[in-house]
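Here is how the chains run, residue by residue.
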Amino acid sequence: MNAREKEEYLREYSILKTQGKPFFPYAVFKDTAMAAITLGVIILMAVLLGAELGPKADPTTTTYSPRPEWYFFFLFELLRVVKPPELVFMATLGIPTIWLMMLLLLPFYDLGPERHPLKRPIAMIGAVATVVGMAYLTILGAVAGSPAVIELEVAPRYEEGKLVTASQGCLGCHKIGESGNTLGPNLTHIGDRLGRDAIVRTLLNPTAPMPPYVDLQEESPEQFEQLVGFVASLKEEMPPPEESEPAEQASAEQK
Ligand code: HEC
């Protein structure tokens, strides 16, 4: 802002100041009235429509997939797409905090006198980019699969095993396809390196921090078998799902 602009601005400001109404009580009254109306509408809706209660919490569930409220989907998505653990802090706390600080400091670094949107290209680009970016991440977060789902095409006879594997929390440490984490070895092609027996041995007698799955084997041997079958089937050369249909039919007929 140069000296002439500043003078112009101050002149305009003093004119408006003599014409205008003081903040208290005019603006304060309007704000209070609007807040009271909003509160009244919420109370009325709560009385007339009732408040929604979800199903009763079940602490034993293994299939629940935790998801944030929709207005946190953009943060959720940032956390999901940023894989390296050392960058997670930056993505989920760093970027939003830096963004907010820039917004708070805006009056100190954007000193231009212009108010028309077309004359403030940098501010407008920043605002549009933020809105579009958040909207995009929100949509991605909304359609993203559950973190406990293995996004991998498998032959139908391994579908059950895939669900069991997902529900046993292996993805918490292992990557299978594009899903999961990198604490433990990647299991996407584990079938090429380990046979069934070796996988069973690992599950029953693992190296820490991997927990043993002895309980699963004792309590639901069938699920344990399905899990082992699925993990052993994870090979570089996966049978294409369509071609293995007959195999499933055959095993279905045997039952
Ligand atoms: C708490 C984290 C954790 C969980 C949960 C976990 N694992 Fe592991 N797993 C590991 C780690 C770490 C290793 C590597 C151990 C080692 O170095 O010997 C490993 C090793 C393995 C191996 C051997 C891999 C190799 O390359 O030799 C297999 C197979 C395996 N896990 C399968 C599973 C399956 C299936 C599940 C779910 C039922 C599971 N793991 C759950 C952490 C985990």
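Reading guide: rules and limits
- Residues numbered from 1 in each chain as written.
- Predicted model: local features only at pLDDT ≥ 70, side-chain atom pairs only at ≥ 80, totals over all residues.
- Heavy atoms only, no water.
- Donors = N, O, S within 2.8 Å, 3.2 Å for Na, K, Ca; no water.
- Tetrahedral: all angles 85-135°; square planar, octahedral: opposite > 155°, others 65-115°.
- Helix = DSSP H or I, 4+ residues; strand = E, 2+ residues; numbered from the N terminus.
- Buried < 20%, exposed > 50% of the residue type's maximum accessible area, 1.4 Å probe, protein only.
- Near = heavy atom within 4 Å.
- Polar contact = N/O pair within 3.5 Å; in protein donor to acceptor, adjacent residues only side chain to side chain.
- Nonpolar A, V, L, I, M, F, W, Y, C, P; charged D, E, K, R; others polar.
- Axes fitted to C-alpha atoms, helices over the stretch in contact; angles between N-to-C directions.
- Parallel < 35°, antiparallel > 145°, perpendicular 65-115°, else oblique.
- Contact = heavy atoms within 4.5 Å.
- Phe/Tyr/Trp six-rings, centres within 6.5 Å; stacked < 30°, edge-to-face > 60°.
- 1 Å grid on protein atoms, 1.4 Å probe; cavity = no way out; pocket = protein on both sides within 12 Å on 5 of 7 lines; lining within 4 Å.
- Points joined across faces, edges and corners; volume = space filled by probe spheres on them.
- Salt bridge = Lys/Arg side-chain N within 4 Å of Asp/Glu carboxyl O.
- pLDDT = per-residue confidence, 0-100.
- Core = buried A, V, L, I, M, F, W, Y, C linked by side-chain atoms within 4.5 Å.

This next bit is on the coordination of the iron atom of the ligand. Around the iron atom of the ligand, the donor atoms from the protein are His174 (NE2) and Met210 (SD), and they sit 1.9 to 2.1 Å away. Around the iron atom of the ligand, the 6 donor atoms sit at angles spanning 86 to 178°, and that spread fits a shape best called octahedral. Of the two residues, His174 sits in the loop between helix H7 (159-167) and strand S1 (175-176) while Met210 sits in the loop between helix H9 (196-204) and helix H10 (214-219), which places them 36 residues apart along the sequence. Relative accessible area serves as the criterion here: at 11%, His174 is assigned to the buried category. A relative accessible area of 21% means that Met210 is categorised as partly exposed.

Right, let's talk about the site of the ligand for a bit. Around the ligand, the structure places 20 residues, and the nearest of them are Cys170, Cys173, His174, Arg193 and Met210. Within the contact set of the ligand, a nitrogen atom lies 2.7 Å away from a side-chain nitrogen or oxygen of His174. Within the contact set of the ligand, an oxygen atom lies 2.8 Å away from a side-chain nitrogen or oxygen of Arg193. Taken together, the elements giving at least two residues each to the shell around the ligand come down to helix H8 (190-193), H9 and helix H11 (221-232). The class makeup of the residues in the shell around the ligand is 13 nonpolar, 6 polar and 1 charged.

Following Phe24, the chain continues into Pro25 via a peptide bond in cis, with omega recorded as 10°. Summarising the element assignment, Pro25 is placed in helix H2 (residues 23-49). Ala208 connects to Pro209 through a cis peptide bond whose omega is 10°. Position of Pro209 among the secondary structure elements: in the loop between H9 and H10.

In this section: the packing of H7 against H11. Between H7 and H11, the least distance of the axes is 7 Å, while the angle of their chain directions is 100°. Judged on the interaxial angle alone, H11 and H7 are roughly perpendicular. Here Glu160, Gly161, Lys162, Val164 and Thr165 of H7 come into contact with H11, specifically with Gln223, Gln226, Leu227, Phe230 and Val231. In the contact of H7 with H11, the residues fall into 4 nonpolar, 4 polar and 2 charged.

With the rule as written, the count across this model stands at 4 aromatic pairs. With a centroid separation of 6.1 Å and 40° between ring planes, the pair formed by Phe73 and Phe76 is classed as tilted. In this pair, Phe73 and Phe76 both sit in helix H3 (residues 73-81), 3 residues apart, roughly one turn of the helix. Here the two residues Phe73 and Phe76 agree in accessibility, since each one is buried.

In this section: the layout of surface pockets. A volume near 790 Å³ is recorded for the largest pocket. Lining the largest pocket are 26 residues, and of these Trp99, Leu103, Gly126, Ala127 and Thr130 sit closest to its centre. When residues in the lining of the largest pocket are grouped by element, the largest group, 10 residues, is from helix H6 (residues 121-143). Its residues placed into classes, the lining of the largest pocket shows 18 nonpolar, 4 polar and 4 charged.

For the rest of this paragraph, the subject is the pattern of salt bridges. In this structure the tally under the stated criterion is 4 salt bridges. Notably, a salt bridge pairs Arg4 with Glu8, separated by 3.0 Å at the nearest N-O pair. Residue Arg4 and its partner Glu8 are located together in helix H1 (residues 3-19), separated by 4 residues, close to a single helical turn. Exposure remark for Arg4: the relative accessible area of 55% places this residue in the exposed category.

Of the residues in the protein chain, 88% reach a pLDDT of 70 or more, and the chain-wide mean stands at 83. Looking at the elements of the protein chain, mean pLDDT is at its lowest for helix H12 (residues 245-254), recorded as 45, and at its highest for H2, recorded as 94. Ignoring residues within four places in sequence, the model shows residues 243-255, a span with pLDDT below 50, making 8 contacts including any to other chains.

In terms of nonpolar packing, the biggest core is built from 19 residues, with Ile176, Leu203 and Phe230 touching the most fellow members. Elements that contribute at least two residues to this core include exactly H7, H9 and H11. Ranked by residue count, the leading element in this core is H11, at 6 residues. Sequence-distant contacts of Ile176, that is, excluding residues within four places in its chain, are made with Ile150, Leu152, Thr165, Leu171, Leu187, Thr188, Phe230 and Leu234.

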